[in-house]
Amino acid sequence: MIDLKKVTYSYADHTALSEITMKIEQGESVALIGPNGSGKSTLMKVISGLIYPDRGTYVFDGTKITEKQMKEASFSKSFHKQTGFVFQNPDTQLFCGSVYEEIAFGPNQMGLSENEVRSRVSDSLELMGISGFEEREPYHLSGGEKKRVAIAATVALNPDVYLFDEPMNALDPKSKRFLRQFMIDLTQAGKTVICSTHDFSYVDGVFQRAAVFSEDHRLIRDDDYESVINDRAFLREQNII
Amino acid sequence: MNEKKNIPQWLMKPDELFEVGKKERFIEKNIHTLFKLLAAIRSRSNDHCFLSRIHPALKLFSLVVLLFLISLSRSMVFISTVGSCMLLLISILPVNIMKRILIMSLTAAVFMAVTLLPAFLVGIHGHYLLIVVKVWLTVSFSGLLVLTTSWHALIAALKLFRVPDLFILILDITLKYIVIFSDFTLNMFYALKLRSVGKTAKKAAPVAGIAGTLFLKSKEMSEDLYDAMVCRGFSGHYTTQVKRQWHWMDTACSVFVLALALSFFYFR
Ligand SMILES: Nc1ncnc2c1ncn2[C@@H]1O[C@H](COP(=O)(O)OP(=O)(O)O)[C@@H](O)[C@H]1O
Ligand SMILES: [Mg+2]
């Protein structure tokens, strides 16, 4: 479903990804592991079609993702509907004046009917355990609540692929446990889950696979999650634990 | 990160304290201002009273009609009628809103009275009282709207005046940024305060740093924000849906405005 071949990306003259080759199939759950600045967020931006590889190719469901392809409005809409990105900082992801509009934004853009939008919003809120927040202003919420609203806004689009960028950051233990269970539920529902992390305490049992990035922006190991996480010597050497 | 480091000597013993300088007051003042700004924006979303139930668009429309009638009227009877209604309305408001509206409107009225005093003393008494009461009413009604409606609802109500949806979204985002950046700046001032333990000649120097960080932060955030919008299928069009069920307060509000409008023509 997601097929990256020798993807290289640089910000100005600063390399962020260097020849990344990996394949992710529908229903897989993959952890992206690596020290700060190794390129995890950049890879997620490539996968969600926000930036395009300088070199190498990215094929999603048989279609090569290029700037030209994404300019086609109907394609880019359906592509963005299939990939949901939960940003690291929910402050940048929430832009509407109320939680209701925030969550309704995606479904509205997809042109769903008003009734459908309403039921999706209330279902997403309930799923995230924040029913009754409809009229609140997103920027007045606490960090954990903002995160839940950001996830609910992504869920409302019902994407096939979920991308979480360091989702456990700045969450309290209860929210972490909640999010862990939510990611497990997603994989059981057959969704693809891609999640960058360097905090392993609340994610046991979520992932099948781990992709490890090095400080020089390469993919150095792509393996079974358990075997990577138990290889303490390797992780220590890569500055991950 | 794992290597053991030698801890320098000066870290092991307590420092002597420095004298408090002028800079502290400068930082203190900024913290105070920001804090009040944030508190004012936040408090708005918590003020609830019976007037909050009226649909924001209807409230905005009513305000425009009432201001129009008040400023056009030359009849003391009409203005007194509106004035009595206003007093009645204020008397049933929650105390905190009542206090703020009275302070706002009376300040404006007294200011107007003082400004017009010379004319009054010279002997032009014609509409002296009328004008002062009109100012008091105008400010009170505007205060009622602003204090009982959230910023967001007020912005959404602009839709009634054919303001484009995308513009409404931009206003919403602006408001969000004001809150987030004030919060961010406040925290930077706190950090500055914690680190300002001695005397410095240039008291405003760190502000340039704060402004610079803020600028970078805002650039980063606006890029991310656009990405977030694209991710959720944004393609340049945006429609807000402000539909809500009719509340009996809406009826009450309409009847109130209609009655005043009729009395305007009756007392003309
Ligand atoms: N907007 C940007 N402009 C310039 N350089 C950036 C930008 N975003 C990230 N980088 C750089 O790209 C590299 C990879 O960053 P990132 O993908 O955010 O890493 P990670 O998410 O693994 O911490 C880092 O060296 C970072 O400094
Ligand atoms: Mg990152």
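Residues numbered from 1 in each chain as written. Chains lettered and ligands numbered in written order. Predicted model: local features only at pLDDT ≥ 70, side-chain atom pairs only at ≥ 80, totals over all residues.

Any chance you could explain the interface of chain B and chain A here in plain terms?
Between chain B and chain A, the residue contacts involve 26 residues of the former and 27 residues of the latter. Listed by contribution, the elements that provide at least two residues to the side of chain B that touches chain A are helix 6 (151-157), helix 7 (165-195) and helix 8 (205-231) of chain B. Take the side of chain B that touches chain A: its biggest share by element is eight residues, from helix 8 of chain B. Looking at the side of chain B that touches chain A residue by residue, the class counts come to 12 nonpolar, eight polar and six charged. (Contact = placed C-beta atoms within 7 Å. Helix = DSSP H or I, 4+ residues; strand = E, 2+ residues; numbered from the N terminus. Nonpolar A, V, L, I, M, F, W, Y, C, P; charged D, E, K, R; others polar.)

In this structure, what is going on with the site of ligand 1? I would like to understand it.
All names here are of chain A. The immediate surroundings of ligand 1 are formed by Tyr11, His14, Ala16, Gly34, Asn36, Gly37, Ser38, Gly39, Lys40, Ser41 and Thr42. Those elements that place two or more of their residues in the shell around ligand 1 are strand 2 (14-24) and helix 1 (40-47). When residues of the shell around ligand 1 are assigned to their parent elements, the largest contribution, three residues, is made by helix 1. For the shell around ligand 1, the class distribution of residues is two nonpolar, eight polar and one charged. (Near = placed C-beta within 6 Å.)

Is there a simple way to think about the sheet that holds strand 9 (residues 209-213) of chain A in this case?
In a beta sheet, neighbouring strands are held together by backbone hydrogen bonds and run either parallel or antiparallel to one another. Residues and elements named next belong to chain A. Strand order in the open sheet made by the six strands is 6-7-8-3-9-10, with mixed pairing throughout. Each edge of the open sheet carries a strand with a single partner, namely strand 6 (83-86) and strand 10 (219-224). Here the strands of the sheet are splayed against their neighbours by 15° on average, with no regard to which way each runs. In the sheet, strand 3 (residues 29-33) pairs with strand 9 via four bridges, with the strands oriented parallel. When the sheet's bridge partners are listed, Val30 is paired in strand 9 with Arg209. Those strands touched by helix 1 are strand 3, strand 6, strand 7 (161-165), strand 8 (192-197) and strand 9, and its axis lies near 155° from that of strand 8. (Pairing = 2+ DSSP bridges. Axes fitted to C-alpha atoms, helices over the stretch in contact; angles between N-to-C directions.)

So what exactly am I meant to see when it comes to the domain arrangement of chain B here?
Size of an interface, as often reported, equals the accessible area lost when the parts are brought together. Residues and elements named next belong to chain B. Here chain B is partitioned into domain 1 (54-163 + 247-268) and domain 2 (166-191 + 204-231). In this assembly, seven residues from domain 1 lie in contact with five residues from domain 2. In terms of residue class, the side of domain 1 that touches domain 2 is built from five nonpolar, one polar and one charged. (Domains from an automatic or database assignment.)

I'm lost on the nonpolar core in this one. Help?
Across soluble globular proteins, nonpolar side chains show a tendency to be buried alongside one another. Ranked by internal contacts, the top residues of the largest apolar core, which has 67 residues, are Leu32, Ala152, Leu163, Ile194 and Ala210 of chain A. For this core, the element with the highest residue contribution is helix 7 (residues 143-155) of chain A, accounting for six residues. In contact with Ala152 of chain A, not counting residues within four places along its chain, are Ile103, Ser124, Leu125, Met128 and Ile130 of chain A. Formed by 19 residues, the second largest nonpolar core is a distinct cluster that contains Ile54, Val135, Phe141 and Leu144 of chain B. (Core = buried A, V, L, I, M, F, W, Y, C linked by C-beta atoms within 7 Å. Buried ≥ 20, exposed ≤ 12 C-beta atoms within 10 Å, placed from the backbone.)

I'm lost on the packing of helix 3 (residues 76-91) of chain B against helix 5 (residues 128-147) of chain B in this one. Help?
Packed helix pairs are specified by the crossing angle of their axes together with the interaxial distance, meaning the distance between the axes. Residue and element names in this part refer to chain B. It is the contact of helix 3 with helix 5, at a shortest axis distance of 10 Å, that shows an interaxial angle of 35°. Our pair here, helix 3 against helix 5, has a crossing hand that is left-handed. Contact with helix 3, carried on its side by Met76, Ile79, Val82, Gly83 and Met86, involves Leu130, Val133, Lys134, Leu137 and Ser140 of helix 5 and no other residues of that element. Looking at side-chain class alone, the contact of helix 3 with helix 5 contains seven nonpolar, two polar and one charged residues. (Left-handed = near helix turned anticlockwise from the far one by under 90°.)

Just to check I follow, could you spell out the UniProt feature "transmembrane region" (unreviewed entry) in chain B for this structure?
All names here are of chain B. Residues given the UniProt feature "transmembrane region" (unreviewed entry) here are residues 50-70, 76-95, 102-122, 128-154, 166-190 and 246-267. Counting secondary structure, residues 102-122 comes out at 100% helix and 0% strand; the distance between its end C-alpha atoms is 30 Å. In this annotation, residues 166-190 is assigned 100% helix and 0% strand; the end-to-end C-alpha distance for the span is 36 Å. (UniProt positions renumbered as here; feature names shortened; annotations may be inferred.)

Would you take a moment to explain the UniProt feature "domain: ABC transporter" (unreviewed entry) in chain A for this structure?
Mapped onto the present numbering, the UniProt feature "domain: ABC transporter" (unreviewed entry) falls at residues 2-241 of chain A. As annotated, residues 2-241 of chain A comprises 39% helix and 25% strand, and the C-alpha atoms at either end are separated by 28 Å.

Help me understand helix 8 of chain B in this model?
Since there are 3.6 residues in each turn of an α-helix, residues three or four apart along the chain are aligned in direction. Under the 1.5 Å per step criterion, the end-to-end length of helix 8 of chain B is 40 Å for 27 residues, consistent within 8% with the ideal 39 Å. Of the surrounding elements, those touching the buried residues of helix 8 of chain B are helix 3 (73-82), strand 6 and helix 4 (90-93) of chain A. Gly233 of chain B lies just past helix 8 of chain B and shows a positive phi near 85°. (Expected span 1.5 Å × (residues − 1).)

How should I be thinking about the sheet that holds strand 2 of chain A in this particular structure?
Spatial strand order, 2-1-4-5 (chain A): four strands in an open sheet with antiparallel pairing. The sheet is open, and its two borders are formed by strand 2 and strand 5 (63-64) of chain A, each paired with just one other strand.

Just to check I follow, could you spell out the environment of Met168 of chain A for this structure?
Residue and element names in this part refer to chain A. Structurally, Met168 is set in the loop between strand 7 and helix 8 (173-188). Residue classification places Met168 among the buried residues on the basis of 20 C-beta atoms within 10 Å. Considering only alpha carbons, one finds Met168 and Tyr52, 116 residues apart in sequence, at a separation of 27 Å. Contacts of Met168, omitting those with residues within four sequence positions, involve Lys176, Leu179, Thr197, Asp199 and Tyr202.

Help me out: how do you make sense of the packing of helix 5 (residues 99-109) of chain A against helix 7 of chain A in this one?
All names here are of chain A. Relative to each other, helix 5 and helix 7 sit at 30°, their axes nearing to 7 Å. Between helix 5 and helix 7, the interaxial angle falls into the category roughly parallel. Here helix 5 and helix 7 pass one another in a crossing that is right-handed. The residues of helix 7 that touch helix 5, namely those facing Val99, Glu102, Ile103, Phe105 and Gly106, are Val149, Ala152 and Ala153. Taken together, the residues that form the contact of helix 5 with helix 7 break down as six nonpolar, one polar and one charged. (Parallel < 35°, antiparallel > 145°, perpendicular 65-115°, else oblique.)

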